[in-house]
Every structure is written in structure tokens, then in C-alpha cells.
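Structural description and commentary
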Amino acid sequence: MSTATATKGMERAEGAAQSLHRKIDWTGAFWVASGVPALVLFSIGGIAATVGKASWLVWTISILFGFVQSFTYAEIAGLFPGKSGGAPVYGAIAWIRYFKFIAPTSVWCYWFAWSPVLAIGSGLGAGYILSLFFAPDATVNTWQVTLLDLGAVKEGLTLRINTTFIIGAILMLICFVIQHGGILRSARVTKIMGIAALLPLMLIGIVPLLTGDLPRDNFLPLVPLGHDAKGNPIDGAWDKAGWILFIGGLFIAAWSTYGFETAVCYTREFKDPKRDTFKAIFYSGLLCVAVFILVPLSFQGALGLTGMLAPDIYSGMGVGKAMANMLGGGPFIETLVAILLIFALMLTIMTAMAGSSRTLYQGSMDGWLPRYLSHVNEHGAPTRAMWTDLTFNLILLMMSDYLFILAASNVGYIIFNFLNLNSGWIHRMDRPNWERPYRAPTMLIAIGGILAFVNAALMGAGADVWGAHTLWTGLIFAALIVPVFIFRHYIQDKGVFPKDMAEDMHLGDEVGVKSDARMLSYLALAAGVVIVLVTHYWAAS
């Protein structure tokens, strides 16, 4: 793409009557994305209680995968400086030349992978608040009204209203009010929250290393969790059962460790997207590498296998208290750390609401999702998309098993990653001469393509570790984009894409855009489906 073409795309976006505002640099996106490290709180307990002593290795491998993948996302984001919505929007343009329904699938899967952060984060935050002030058996913690039994989806799953739901809803509404003022206000607030929230995470990761409080027996032998004939937990082995648990851990960890790619959701709001895009995702990635390696190591070292198997660690509700205890210092320090961890969870809600609402907004602008999502307020905030996020997550917040929600939504996230990592080399083949503000090393683009298929295998073999119907639940939700897209494209738009999107897609024959990746893209998609089915059959047999 020539410089003139890129400039035209930016001018067109900036000239819209209602659009997002270019008000932040890469540091603003860094602070908005700084909620991602706190995602470790969402599944560190579940992974520890499921994988056992090998859980720290799961986190290390997963964040290294995510860091390598981020270079592909940084490159494709630079191709379209006038767009918001993050990596799925940039990747969708690669696939639209070959599969009309695959492109919106990537955008949809990305949204329903990120959006549940609002429900899960506010639910955990509410649980931390209740644990600070009330005993576990207090009435405020035990009362609930069951609205619907969802046992057909997963055993024990229900929709219910309890104190956790009420407090969680309040936390979500607070984040909504902050973000209603636009990206600049959100960036300023998240900077303050980020400094306060990241402090306890970094202390938790570093202090045990400095004090040497990491008993060798809590890490060795390096094997997955096993059980004896009576069902008691023991050190397992690297047999099929052990590998399935380890793969399941890698699958669920990806939902957290890959998440810093959200830093490129704000390309349309960068003052200088050419300079800011790569810096935002690169420095966010470095922060996440530190947190996702150090915190699980310290967490496992402090709790040991017995502590990691506690029920409240698996559910996540006891993770905050356990981390507070790791720093010692008495009740005051424990309370202070717990409060800061609640700030960390609030930060993740802010990050998710900002990113997922912009995905809905751009998906609507591009003709994938219903038109009403295209609206922004006077501050440049996509408020209708934010209300949609909020409503959807109030329903999720009523669900009794947050880890199942996380796992099912991660099916969509892996689908998005598969499509977008492959879009890196598709863009290289179809748009070889387009201007790339950041051009990733070809080796990293190739490794990213390989990791797309690795992720597909993790999903096929590991999803059902978190519930018997997790994989199919996620796939069914992913398929809901079909009627949504049919409604927008064929009913609302009469089969014609919006003018700006049609120009971005470059579907016709023109200088600088080819269709060289056609056959390879078909083969990649087919191979991905086969890998998921084969690995799922292997794990289930």
C-alpha cells in the first residue's frame, strides 16, 4: 500500500461525523492494556488445582507463545491505521477475499472471548470484597435465588442471583461510567489504577524469590497431577492422562497470556499509529512476560500441592486471600493487598470493556454486526456497544461457574488466534508491497503460523478438561455469527458492504493487491479443522 493510500484511510476515518478520537499515544494504550497481567488471577487457581506441580511450566510456555504471536499482530495492525477493534478486524480483511463468513467469525469470536472478562472479573472482585468483611458461612455469602438450571450444559451450572451478583454489577457500572467519557479519560484512570494494581502482583512475584521462600518439594518432581486408587491427589506421570491435563492447562492459560494483543485495539485512537502501534504491544508484552512467569512461580512455591488443591483456589475466590498471605505482615498488610488486588480486577474490567466494545463498534462499521452498534457519543466512546457488553455480562454474572465461562469463551479466542496468525502470511502474499510501519521478521511470521495449529491442537485436546461439553459449547456460540451476519449483510445491507469497508477489502483486481494465498488459505483452514477433530478424538478415547 502506498503512503498516499494509508493517508487516505486515516483522513477518511478522521473526517467521519461521528468517530473515535485520536487522543492517546502508546503509553495510553499500555495503561489501558495494563489490566491484562491481572488476568493471571482468573485462572491461576484453576490451573494449579488441575495441573499440579507442572502448572508454573504451563504459564511460562504460554506467555512465550503469546509474546512470539504478538509480532504478527503488530504488523497487520499497521496495515490499517484508520481502523479500531483490534487484531480480528485486521485479520478479517485477509480472509474476506476467500471466505465471506470466515471474516466475521474472527471478529465475533474475539468479542465473545474478551467480553466475559467483565462478568468474571467483577464476580471475583465481589468475592474478594465479601471475603474481606464476612465469614464464608455468613448469610450474606450463602443466600441465593436460583433462576434456571443449566445442568444440560454442565453439571451443577445454574443462573442465580446472590450478593456476588449485586456487588459485581455495581463494579461493572462503575467501569462503564468511567469509560463513557472516552478513551483519554479511560487511559488516565487506568494509569492510576494500573500503578496501584500492578504493585501487589509484582511484589507477589518478586518477594518470594528474594527471600528464598520457594521450597524445592513444591516444584519437584515436575509432573502433572495424578490420583491414587482412592482418588487422593498424588504426583502423576507424563502418560496420556498427564499430558491431557497439561494441554488443558495450556489451553486455559492462553486466554490470559495472549491477551496483551488488546494494546492494538486502539490504533484508530493513536495520535501517531505508525510509531505507537508496535511500542504499545511490545512493552505490554514485556510486562506480561514478567508477571505471568514470576507470579505463578511464587504462588506455587507458597501454597504447595496441598494448598493449590483447596476448593476456593480452584474457584478463584480464595486466590486473593492466598496471595495477600504470601506477603505476610499481619492483618493490615493482608487487607491492603486484597484491596489492591480488587483494583487489579477492576483494571481488567476496564481493559476488556474498552477493547471488546471497540470490536463491536468496528464490526458494525465494517458491515459484520448490526448497524446500531456503530454509534459513538460526544466523547468518542462507543456507548451502544458498551451497553451491549454490559447487558450480556449481567447474564453471565448470574452463572454459578466462572471457570466454565472462561473455558467456553476461550474456544472462541483460540479460533480468533488461529485465523489471525494465518492472516499474517496471507497479508504478506496478497499485499507484498503495502507500506508496513512495522515489519516483523519473516521467521516470526512463520513461527506464528505454526503456533496457530499448535493452538488448534490445544483446543481440541484440552478444552473438555474444564467440562464435558466445553468444546461444543464454544463452537456453538461461535456459529451464532452466521444468523447475525446474514441479518446485517443480506437484510440490512442487501448484500453490499459499506463503502469504506469495500475500499479497505480491495476485492477487485488492482495494483498492489493479489489473491496469491487462495489455495494455501483453503488448506490451512481444512488442516485446522482436522487437527481439532483428531486431537479431540485422541483425548476422549
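Just so you know, these numbers come straight off a predicted model, no measurement behind them.

**Some remarks on the overall build of the chain**
Across its full length, the chain holds 22 helices and four strands. Out of the 541 residues belonging to the chain, those deemed buried represent 60%. Nonlocal contacts in the chain, meaning residues at least 24 apart in sequence, comprise 82% of its contacts between residues at least 6 apart. When the accessible surface of the chain is totalled, it reaches about 19,800 Å², and 69% of it is carbon and sulfur.

**Looking at the environment of Leu148**
Tracing the sequence through the fold places Leu148 in strand 1 (residues 144-149). Judged by its relative accessible area of 44%, Leu148 is partly exposed. C-alpha of Leu148 to C-alpha of Thr158: the two residues are ten residues apart in sequence and 5.6 Å apart in space.

**Comments concerning the confidence of the model for the chain**
Across the chain, pLDDT averages 81, with 85% of residues at or above 70. When pLDDT is averaged over each element of the chain, helix 18 (residues 442-462) comes out on top at 95 and helix 1 (residues 3-14) at the bottom at 43.

**Quick word on the packing of aromatic side chains**
Under the definition given, this model contains 25 aromatic pairs. Both rings, one in Trp243 and one in Phe246, keep their centres 5.9 Å apart while their planes meet at 90°; by these two values the pair is edge-to-face. With a gap of three residues between them, Trp243 and Phe246 both fall in helix 11 (residues 240-257), about one helical turn apart. Trp243 sits in the partly exposed class, given a relative accessible area of 40%. Taken together, a centroid distance of 6.5 Å and an interplanar angle of 45° make the contact between Tyr258 and Tyr413 tilted. Within this pair, whereas Tyr258 is found in the loop between helix 11 and helix 12 (273-308), its partner Tyr413 is found in helix 17 (residues 402-430), the two being separated by 155 residues in sequence. With a relative accessible area of 2%, Tyr258 lands in the buried category. In textbook terms, an aromatic cluster arises when at least three aromatic residues are bridged by ring pairs, as seen for Tyr73, Tyr110, Tyr258, Tyr413 and Phe416. Seen from the ring of Trp434, Arg431 lies directly overhead, with NZ or CZ sitting 5.1 Å from the centre.

**Things to note about the pattern of salt bridges**
Applying the stated rule across the entire model yields five salt bridges. Glu75 serves as the salt-bridge partner of Arg436, at 3.0 Å between the closest nitrogen and oxygen. With Arg436 in the loop between helix 17 and helix 18 and Glu75 in helix 4 (residues 55-78), this pair connects stretches of sequence that are 361 residues apart. In this structure, Arg436 and Glu75 share a single accessibility class: buried.

**A closer look at a nonpolar patch on the surface**
Residues Trp143, Val145, Leu147, Leu148, Ile166, Ile170 and Ile174 make up a contiguous nonpolar surface patch of about 600 Å² in total accessible area. Counting only elements with at least two residues in the nonpolar patch, the list comes to strand 1 and helix 9 (163-179). By the secondary structure assignment, Ile166 is in helix 9. Among the residues examined, Ile166 registers a relative accessible area of 41% and is labelled partly exposed.

**Here we look at the packing of helix 11 against helix 18**
Interaxial distance between helix 11 and helix 18 falls to 8 Å at its minimum, and their mutual angle equals 120°. Taken together, the axes of helix 11 and helix 18 are oblique relative to one another. In the crossing of helix 11 with helix 18, the sense of the turn from one axis to the other is left-handed. Counting all contacts with helix 11, which are made through Ile244, Ile247, Gly248, Leu250 and Phe251, the residues of helix 18 involved are Leu458, Met459, Ala461 and Gly462.

**Looking at the packing of helix 6 (residues 102-114) against helix 15 (residues 330-365)**
Where helix 6 meets helix 15, the closest approach of the two axes is 9 Å, and the angle between their N-to-C directions is 155°. By the angle between their directions, the pair helix 6 and helix 15 is classed as roughly antiparallel. In terms of crossing hand, the pair formed by helix 6 and helix 15 is left-handed. In this structure, helix 6 uses Val107, Tyr110, Trp111 and Trp114 to contact helix 15, whose residues at the interface are Thr351, Ala352, Ser356, Thr359, Leu360 and Gly363. Among the residues forming the contact of helix 6 with helix 15, the class breakdown is six nonpolar, four polar and no charged.

Cut-offs applied
Residues numbered from 1 in each chain as written. Predicted model: local features only at pLDDT ≥ 70, side-chain atom pairs only at ≥ 80, totals over all residues. Heavy atoms only, no water. Helix = DSSP H or I, 4+ residues; strand = E, 2+ residues; numbered from the N terminus. Buried < 20%, exposed > 50% of the residue type's maximum accessible area, 1.4 Å probe, protein only. Contact = heavy atoms within 4.5 Å. Areas by Shrake-Rupley, 256 points an atom, 1.4 Å probe, with all protein chains shown as cover. pLDDT = per-residue confidence, 0-100. Phe/Tyr/Trp six-rings, centres within 6.5 Å; stacked < 30°, edge-to-face > 60°. Lys NZ or Arg CZ within 6 Å of the ring centre and 35° of its normal. Salt bridge = Lys/Arg side-chain N within 4 Å of Asp/Glu carboxyl O. Patch = residues over 30% accessible without salt bridge, like charges linked within 9 Å, V, L, I, M, F, W, Y side chains within 5 Å. Axes fitted to C-alpha atoms, helices over the stretch in contact; angles between N-to-C directions. Parallel < 35°, antiparallel > 145°, perpendicular 65-115°, else oblique. Left-handed = near helix turned anticlockwise from the far one by under 90°. Nonpolar A, V, L, I, M, F, W, Y, C, P; charged D, E, K, R; others polar.

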